[in-house]
Amino acid sequence: DKAGYKHFMAKEIAEQPTVLQGALAHYINADATGITLPEPGLDFTQVERMTMVACGTAFYACLVAKYWFEQIAGIPVEVDVASEFRYREPPVTPGTVALFVSQSGETADTLAALRYMEGKADKIVSVVNVPESSIARESDLPLPILAGTEIGVASTKAFTCQLTTMAILALQAAHVRGRIDDQELADKLSNLRALPGVLNLALGIEGKTQEVSRKLAETRDILFLGRGAMYPLALEGALKLKEISYIHAEAYASGELKHGPIALVDKHVPVIVMAPRDALFDKTVSNMQEVMARGGKVLLVTDREGAKTAGDGVWDTILMPEIDPFLAPILYAVPAQLLAYHTAVAKGTDVDQPRNLAKSVTVE
Ligand code: F6R
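Computed from a predicted model, the values in this text were never measured in an experiment.

Within the protein, the regular secondary structure consists of 14 helices and ten strands. For the protein, the C-alpha radius of gyration of 20 Å lies close to 21 Å, the compact-globule estimate for 364 residues. A principal-axis box enclosing the C-alpha atoms of the protein has dimensions of 55 × 45 × 45 Å. A buried classification covers 58% of the 364 residues belonging to the protein. Pairs at least 24 apart in sequence give 75% of the contacts found in the protein among residues at least 6 apart. With an accessible surface of roughly 14500 Å², the protein has 50% of that area assigned to carbon and sulfur atoms.

Within helix α5 (residues 108-117), nine of the ten residues are buried, which leaves it mostly tucked inside the rest of the structure. Taken together, the buried positions of α5 are occupied by Ala108, Asp109, Thr110, Leu111, Ala112, Ala113, Leu114, Tyr116 and Met117. Here the buried face of α5 lies against β1 (49-54), α4 (82-85), β3 (96-102), β4 (123-128) and α6 (134-137). Looking at the residues trailing α5, positive phi occurs at Gly119, about 80°.

Counting buried positions along strand β8 (residues 270-274) gives five out of five residues, so the element sits mostly inside the fold. Going residue by residue along β8, you find Pro270, Ile272 and Met274 tucked away on one face and Val271 and Val273 tucked away on the opposite face as well. Pairing analysis gives four bridges linking strand β6 (residues 221-226) to β8, with the strands arranged parallel. Within the sheet, the bridge partner assigned to Gly226 lies in β8 and is Met274. Note that β8 and strand β9 (residues 297-303) share five bridges and pair parallel. The partner of Pro270 across the bridge, within β9, is Lys297. Of the crossover connections in this fold, the one passing from β8 over helix α11 (residues 281-293) to the parallel β9 is right-handed.

Our focus in this paragraph is the side chain of Glu236. Positionally, Glu236 belongs in helix α10 (residues 230-245). Every residue in contact with Glu236, bar those within four places of it in the chain, is listed here: Thr57, Tyr60, Ser155 and Phe159.

Throughout the structure, instances matching the rule amount to four aromatic pairs. Between Phe59 and Tyr60, the aromatic rings sit 5.7 Å apart at their centres with planes inclined by 50°, giving tilted as the arrangement. The exposure classification of Phe59 matches that of Tyr60, with both residues buried. Its end group placed over the ring of Trp315, Lys215 keeps NZ or CZ at 4.6 Å from the ring centre. For the cation-ring pair, Arg355 lies above Tyr246, with the distance from its terminal atom to the ring centre recorded as 3.8 Å.

Between helix α3 (residues 56-73) and helix α7 (residues 157-176), whose axes approach to 9 Å, the crossing angle comes to 20°. Taken together, the axis directions place α3 and α7 in an arrangement best described as roughly parallel. Classified by chirality, the crossing of α7 by α3 is right-handed. Here α3 contributes Thr57, Ala58, Tyr60, Ala61, Cys62, Val64, Ala65, Trp68, Phe69, Ile72 and Ala73 to the contact with α7, which in turn contributes Phe159, Gln162, Leu163, Met166, Ala167, Leu169, Ala170, Leu171, Ala173 and Ala174. In terms of residue class, the contact of α3 with α7 is made up of 19 nonpolar, two polar and no charged.

So, about the site of the ligand. The full set close to the ligand counts 14 residues, and Ser102, Gln103, Ser104, Thr107 and Glu243 are the nearest of them. The side chain of Ser102 places a nitrogen or oxygen atom 2.6 Å from an oxygen atom of the ligand. Taking Ser104, its side chain carries an N or O atom lying 2.7 Å from an oxygen atom of the ligand. Taken by itself the ligand offers 400 Å² of open surface, and the protein chains cover 90% of this. Elements with a minimum of two residues in the shell around the ligand: α3 and α10. Here the shell around the ligand is built from residues that sort into five nonpolar, seven polar and two charged.

Following the criterion strictly, the structure yields 18 salt bridges and no others. A salt bridge links Arg115 to Glu138; the shortest N-O distance between them is 2.6 Å. Taken together, the residues span a long stretch of sequence, with Arg115 in helix α5 and Glu138 in the loop between α6 and β5 (141-144) at a distance of 23 residues. In this structure, Glu305 engages Lys308 in a salt bridge whose closest nitrogen and oxygen atoms are separated by 3.1 Å. Placement of the pair is Glu305 and Lys308 together in helix α12 (residues 304-310), with a separation of three residues, close to one helical turn. Within this structure, Lys208, Glu211, Lys215 and Asp316 form a network of salt bridges that share partners.

The rules behind each value
- Residues numbered from 1 in each chain as written.
- Predicted model: local features only at pLDDT ≥ 70, side-chain atom pairs only at ≥ 80, totals over all residues.
- Heavy atoms only, no water.
- Helix = DSSP H or I, 4+ residues; strand = E, 2+ residues; numbered from the N terminus.
- Rg over C-alpha atoms; globule rule 2.2 N^0.38 Å.
- Buried < 20%, exposed > 50% of the residue type's maximum accessible area, 1.4 Å probe, protein only.
- Contact = heavy atoms within 4.5 Å.
- Areas by Shrake-Rupley, 256 points an atom, 1.4 Å probe, with all protein chains shown as cover.
- Pairing = 2+ DSSP bridges.
- Right-handed = clockwise from strand over helix to strand, strands pointing away.
- Phe/Tyr/Trp six-rings, centres within 6.5 Å; stacked < 30°, edge-to-face > 60°.
- Lys NZ or Arg CZ within 6 Å of the ring centre and 35° of its normal.
- Axes fitted to C-alpha atoms, helices over the stretch in contact; angles between N-to-C directions.
- Parallel < 35°, antiparallel > 145°, perpendicular 65-115°, else oblique.
- Left-handed = near helix turned anticlockwise from the far one by under 90°.
- Nonpolar A, V, L, I, M, F, W, Y, C, P; charged D, E, K, R; others polar.
- Near = heavy atom within 4 Å.
- Polar contact = N/O pair within 3.5 Å; in protein donor to acceptor, adjacent residues only side chain to side chain.
- Salt bridge = Lys/Arg side-chain N within 4 Å of Asp/Glu carboxyl O.

So, to be careful, I would describe these as geometric facts and stop short of saying anything about function.
What follows is the structure, encoded as structure tokens:
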């Protein structure tokens, strides 16, 4: 049931504030001062490193989580795509926690990677949407993301719920390792609890994205740029766009632009820059100026402060609500999704059933 929406994808994008609220209520205590994980839990004081493995959008969620676990919890994290991971035969040292992320919980490569880690990792954690799935059943600590059934082939609400679950886990790790105190934990948890409201506000960019997407629909190639934890969001934006609009899109870490891809830039190639006003913003602005100096059309996705600092010369701007930089990757999933969605609608493609793709990839 599309509940009045034109596509399941549109419904699932719009549902995000509601499902996220449920996921937050599941993990965060009612008084918002602590986190409850399902038994047997995980003793983060004993964790030396984490290995995260997934495919596609779930892999990008892991790339964001790497920033979180390394920055706030001080745990080194390795991330790999499942189809590569086990063939490297990576050595596993004591103190390793393996974490697998999968919406369906049935992705063949991810399941095979999990089985590779059985008996090698201290603990196998999974972040899954389908609680009775193989990946959930075969892990020591399955963490449900509570996104509800996702029907659109392009993953949307599962991504934001995967991120939210891993943000909570990273906060738990940071707290028990003494990297943040009770007050900082409570502050971050209250920011998280405010997130559904901010996501709701962010959905207000729909009209603007629709207008921009009509122009994007006429292009052949699009570049996405992001820095820090926004780099994986650039990757996610490019993947969504490719999947459903069939426009060629690529994402780069902003700083990598001048090491090659800038050669692609001309007036026909829109460059979408995902950049909230954070500590890395000024560096991103100089990368943007390099693009504009070569006639590139910059679509800047930022907040009010960012738009002010960036100044003139951008092709267009999508204005996002202000947010704690820690949570920005969750919020910026919304423009990544809406730009892809409206570009696909403008092109008239089959949004919910894109060509050549299946919802669950159970072959290697
Ligand atoms: C992208 C998408 C895919 C999946 C990938 C992993 O929109 O849906 O990239 O994220 O196939 O699937 P799961 O999460 O079921 O393991």
